[in-house]
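These are the residues of each chain, in order.
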Amino acid sequence: MGVRAAVMTGPGAGAIATIELSGESVRRVLEKVFRPSGGTTAFDVGQILLGHVVDGAEAIDQVTLGCEATQRFTLHCHGNPLIVERIMEVLRDHGASLVQAEQLRAETLGAESPADTMALEAQLALTKVKTLAGARIIASQRSGGLSAAARRWRDAGATISLDTVRAQATRILTDSDIARLIISGCTIALVGPPNTGKSTLLNALAGRDKAVVADVEGTTRDWISAEIHIPPLAAEVIDTAGFVASDDGVDQAAQVRSAELLRQADVVLLVLDASRPLESPGEDVLEALSRRK
């Protein structure tokens, strides 16, 4: 397998960025792009080196380089996106294939534990988990959850009935719907007529002014969202345009988008103003609401 390189840290500016490299020719690539501060090196496993990533005679950035395994290295550079992009370009120019972090992690973990696919999926999911509770659920999958159930079914062999396996699998799938929300987060759509307080509620939940609030109907013409934490959930709350009949093209587009967000949301929060008569939403909104939580 050729050399692969991936940025393992999230997008955007940060103090430090991490680039992982792996492959049979990784040492040859590093010999061309890494200049150690202490002179020559043998890149011994477990060694951490200080030096510079270079492009010919030009030093791009001072970095640390860790030798994780014979064919796997981790490079830590400054987190400026322009620096990270330039380093990745230099690696590509010297033969490395640039891949996504998930792809590189899957290849690495698959090589270490090729038979344990459930443990591999759990490790990959840890990179995207939204809450500490979700991380605990993922960690337990290596010894419990579906992995444990599969081992029990395998060990039981012919002594366990298909009906029992089916019932246990159904229960696991039901529990996984709840676990998915804790692991990946959920979306909450605020829907309702104009000027009923959806934007005010969004700002209160977010703890800051995310949406413009006014007494004029139709202030929100496009959706606005905020990330909040309701243990054990991480939730994205979406403030949608109030549903109202209108011949205005922008209003109609906003209504279509609101209905789409409503259908995609995990939870719909219908916001009404009890001080005035209830306005009837459109049929598309009513149809979407009738099948939502």
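1. Concerning the sheet that holds strand β4 (residues 48-55)
Here is step 1: Spatial ordering of the open sheet is given by β3-β4-β5-β6-β2-β1-β7, a layout of seven strands whose pairing is mixed. Two strands bound the open sheet, and with one partner strand each, they are β3 (34-36) and β7 (97-98).
Here is step 2: Here four bridges tie strand β1 (residues 4-7) to strand β2 (residues 16-22), and the two strands are oriented antiparallel to one another. Counterpart to Ala6 in the pairing with β2 is Glu20.
Here is step 3: In this fold helix α1 (residues 26-33) packs onto β2, β3, β4, β5 (58-69) and β6 (72-78), with an angle of close to 70 degrees to the strand it touches most, β3.

2. Quick word on the confidence of the model for the protein chain
Here is step 1: On average, the protein chain scores 79 in pLDDT, and the residues at 70 or more come to 73%.
Here is step 2: Low confidence marks residues 214-221, where pLDDT is under 50. Its contacts with residues over four positions away, or in another chain, come to 20 contacts.

3. Section: the sheet that holds strand β11 (residues 267-270)
Here is step 1: Taken together, the four strands give an open sheet; going across it, the order is β9-β10-β8-β11, and neighbouring strands pair in mixed fashion. Of all the strands in the sheet, just β9 (224-230) and β11 have a single pairing partner and so form its edges. Across this sheet, the average inter-strand angle for adjacent strands is 25 degrees, counted without regard to direction.
Here is step 2: With seven bridges joining them, β9 and strand β10 (residues 233-239) adopt antiparallel strand pairing. Note on β10: the bridge partner recorded for His229 is Ala234.

4. Thoughts on the pairing of β10
Here is step 1: Buried residues dominate β10, accounting for five of its seven residues.
Here is step 2: Where strand β8 (residues 186-191) and β10 come together, five bridges link them in parallel fashion. In the sheet register, Ile188 faces β10, and the bridge partner there is Val237.
Here is step 3: Hairpin remark: β9 followed by β10, antiparallel, with two residues in the connecting loop.

5. Notes on the side chain of Thr131
Here is step 1: Note that Thr131 resides in the loop between α4 (117-126) and α5 (132-140).
Here is step 2: Within the local environment of Thr131, its side chain forms a polar contact with the backbone nitrogen of Gly134, the two atoms lying 3.0 Å apart.
Here is step 3: Setting aside its immediate chain neighbours within four residues, Thr131 contacts Ile182, Ile183, His229, Pro232, Leu233 and Ala234.

6. Section: the environment of Leu261
Here is step 1: As for its placement among the helices and strands, Leu261 is situated in helix α9 (residues 249-264).
Here is step 2: Taking the C-alpha atoms as reference points, Leu261 and Leu190, 71 residues apart in sequence, are found 9.6 Å from one another.

Calculation rules
Residues numbered from 1 in each chain as written. Predicted model: local features only at pLDDT ≥ 70, side-chain atom pairs only at ≥ 80, totals over all residues. Heavy atoms only, no water. Pairing = 2+ DSSP bridges. Helix = DSSP H or I, 4+ residues; strand = E, 2+ residues; numbered from the N terminus. Contact = heavy atoms within 4.5 Å. Axes fitted to C-alpha atoms, helices over the stretch in contact; angles between N-to-C directions. pLDDT = per-residue confidence, 0-100. Buried < 20%, exposed > 50% of the residue type's maximum accessible area, 1.4 Å probe, protein only. Polar contact = N/O pair within 3.5 Å; in protein donor to acceptor, adjacent residues only side chain to side chain.

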